[in-house]
Each structure stands twice: as structure tokens, then as C-alpha cells.
Amino acid sequence: MIGRMPSSFRAAVVADPAGTLLALDFDGTLAHIVDDPTEAYAQERGLAALGRLGAVLGQIAIVTGRPVRQALELGGFVGRPGFENLIIYGQYGAERWHADSGDVGDSDRPEAIVRLAELLPTWLAEHGADHVRLEDKGLALAIHTRGIDPGLLETLAPPLRELAAELGLAVEPGRQVIELRAAGMDKGQAMRELVAETGARQVIFAGDDLGDLPAFDAVDELRSTGVAGLLICSASTEQDALVARADLVLDGPDEVATWLENLADEF
Ligand SMILES: [Mg+2]
């Protein structure tokens, strides 16, 4: 662990749990990253601690690049005590789910994504990359190279950015994955929405990858309006962009779980 939760922040959370929002990224933060992303289950200790916190804090949320349905499958949140009020933002905020209603809601597939899905297999073959794993997320397409060809993304990223620009899509780079999706929503927007809705006075956000930076920006902005914020980096050897921005650097999902347990022990 590098850094500490400031004692004033801890005291504010303990004194005002109902005014506290705790939002976590999923992959690399609550779940270990594994070669097969369909096997990236939430870490059990972290899940148990998050449930304990869900029972006392004003709001808990998962803010992830995954579709909500996948986060639900891998998270195992439904039916667990403490998750009755959970909100999940999926696909970087393009989808939203609340445990109350259980609805994911159907968003229309953007026309540019329809076109991309048609042309991407050929495009990848032309770029010597037809061995990647292509994931169709509905509102986005993701190209995964983990366990397949670790260095390939560096070569693919520049032409993919050109392709995205031609189609008017946003590029979301991650740990051995690059995603093309519609512009306009990001994790920062999700965090601003959550704070506006809940009126949270203390905000905690934890993430591990580049897609979490907009949420870090949002928490920094909120701090300037008087909301207390705590930014946590779930660190890895693959990505260090969040380290300098974080108040607290934890060693991956295991140490995130321990930190959540310690916070839950306050109540
Ligand atoms: Mg992540």
C-alpha cells in the first residue's frame, strides 16, 4: 500500500455513512484480470466486504466497461445481502442497472457500431490481426490480445484510431484490450450523475486502468465543489497512469479487498 486514507476523510465517512458513495471499477479492481475474461469473477473477500459496506453506506456502485449483464454474471451481486441498493453502470456508463428494478434497459446499437461490426473482421485480417479475440458488446466492439499476442495492440492502435475517427467513434484503450464505442459517455459522467442523484458528501472511487481516468477527473472536480473525495488506484505492472493521480495505491484486487474489509470494520 502506498499512501493513506486521510484521517479527516475516514472520520467523515464514519460520521456520515449515509452521505457516502463508494464506486468501484470491476476488472482489475474487484476481480483479478485473467486470460479468459469470461472467468474474471469478483474476488470473494472483496465482494463480502462490499456487501457489508452496502448495508451501511448511502450508495455503492460498480462503474465498468463491461456490459451490465456480464458484470452481474461475474459479480454474483444479485441476492447477496448488502447489494439491495447497488447501481451498476455498464459500458462506461452507456448502460445503467439498479438492484431495485433489475432492468438493464435496451439501448439502440449506434449506426457506426453496426458499420464497424461489418467491416472489422476484414480490417483485422488486412492488418495481420485476425487471431485476436473480437468481443461484440452491443454498444461497442473490443479487440482483446491477452494470452494471444501481447505486443500486437501497439501496432494496431494507430490505424484503429484512424478507423475510429472515420466512423466518429471513441477509442478506449485498456490493459491488452482496445475498444471502439460511441462517444459521449464515460465513467466521469457516471460519477457526476451518481453524486448529483445521491447528494453524496463523501465519494470514493477505485479503478485500475485508463478508462477510469475520467472518473478520477470527476472526483477531482467534485472536490473543488466541497465534496470530499478519495481516489484509489488498484495497481498492476501493466498500467501506471493512475498511480500519480491516486490518494491511495493498493496492490491489485487482493489489497483492495483488504482495504474494503478495514473500512467495513469501522461500522
Ligand atoms: Mg478495470
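None of the values given here were measured: they were computed from a predicted structure.

**A look at the coordination of the magnesium ion**
Every protein donor of the magnesium ion is accounted for by Asp25 (OD), Asp27 (O) and Asp208 (OD), and the metal-donor separations fall at 2.1 Å. For the magnesium ion, the single-chain donor residues occur in sequence as D-x1-D-x180-D. Here Asp208 lies in the loop between β9 (202-207) and α7 (213-224) and Asp27 lies in the loop between β1 (20-24) and α2 (44-54), a separation of 181 residues in the sequence.

**Concerning the sheet that holds strand β8 (residues 177-182)**
Pairing is antiparallel in the open sheet, where 4 strands are placed in the order β5-β6-β8-β7. The open sheet has two edge strands with one neighbour each: β5 (133-136) and β7 (169-174). Taking the axes of each pair of neighbouring strands and ignoring which way they run, one obtains an average angle of 20° across the sheet. Packing against the sheet, helix α4 (residues 111-126) makes contact with β5, β6 (140-144), β7 and β8, and its axis sits at approximately 25° to β6.

**Concerning the side chain of Glu135**
With respect to the secondary-structure elements, Glu135 resides in strand β5. Despite its burial, Glu135 pairs with no opposite charge, the nearest such side chain being Arg133 at 4.5 Å. Engagement of the side chain of Glu135 in a polar contact is seen with the side chain of Gln70, the distance being 3.0 Å.

**Observations concerning the pairing of strand β3 (residues 87-90)**
Where burial is concerned, the two faces of β3 agree: the one with Ile87 and Tyr89 and the one with Ile88 and Gly90 are both buried. Looking at chain direction, strand β2 (residues 59-63) and β3 are connected through 3 bridges and run parallel. If you follow Ala61 over to β3, its bridge partner there is Ile87. A crossover connection joins β2 to the parallel β3 through helix α3 (residues 68-75); in handedness this β-α-β unit is right-handed. The pairing of β3 with strand β4 (residues 95-98) spans 4 bridges and is antiparallel. The residue bridging Tyr89 from the neighbouring strand is Arg96, located in β4. Counted along the chain from β3 to the antiparallel partner β4, the turn is 4 residues long, and its residue Gln91 has a positive phi close to 50°.

**A closer look at the side chain of Gln43**
If you trace the backbone, Gln43 turns up in the loop between β1 and α2. If we ignore the near neighbours within four places in the chain, the residues touching Gln43 are Leu30, Ala31, His32, Pro253, Asp254 and Ala257.

What counts and what doesn't
Residues numbered from 1 in each chain as written. Predicted model: local features only at pLDDT ≥ 70, side-chain atom pairs only at ≥ 80, totals over all residues. Heavy atoms only, no water. Donors = N, O, S within 2.8 Å, 3.2 Å for Na, K, Ca; no water. Helix = DSSP H or I, 4+ residues; strand = E, 2+ residues; numbered from the N terminus. Pairing = 2+ DSSP bridges. Axes fitted to C-alpha atoms, helices over the stretch in contact; angles between N-to-C directions. Contact = heavy atoms within 4.5 Å. Buried < 20%, exposed > 50% of the residue type's maximum accessible area, 1.4 Å probe, protein only. Lys, Arg positive; Asp, Glu negative; His and termini not counted. Salt bridge = Lys/Arg side-chain N within 4 Å of Asp/Glu carboxyl O. Polar contact = N/O pair within 3.5 Å; in protein donor to acceptor, adjacent residues only side chain to side chain. Right-handed = clockwise from strand over helix to strand, strands pointing away.

Everything listed here is a matter of coordinates, which is why it stays silent on function.
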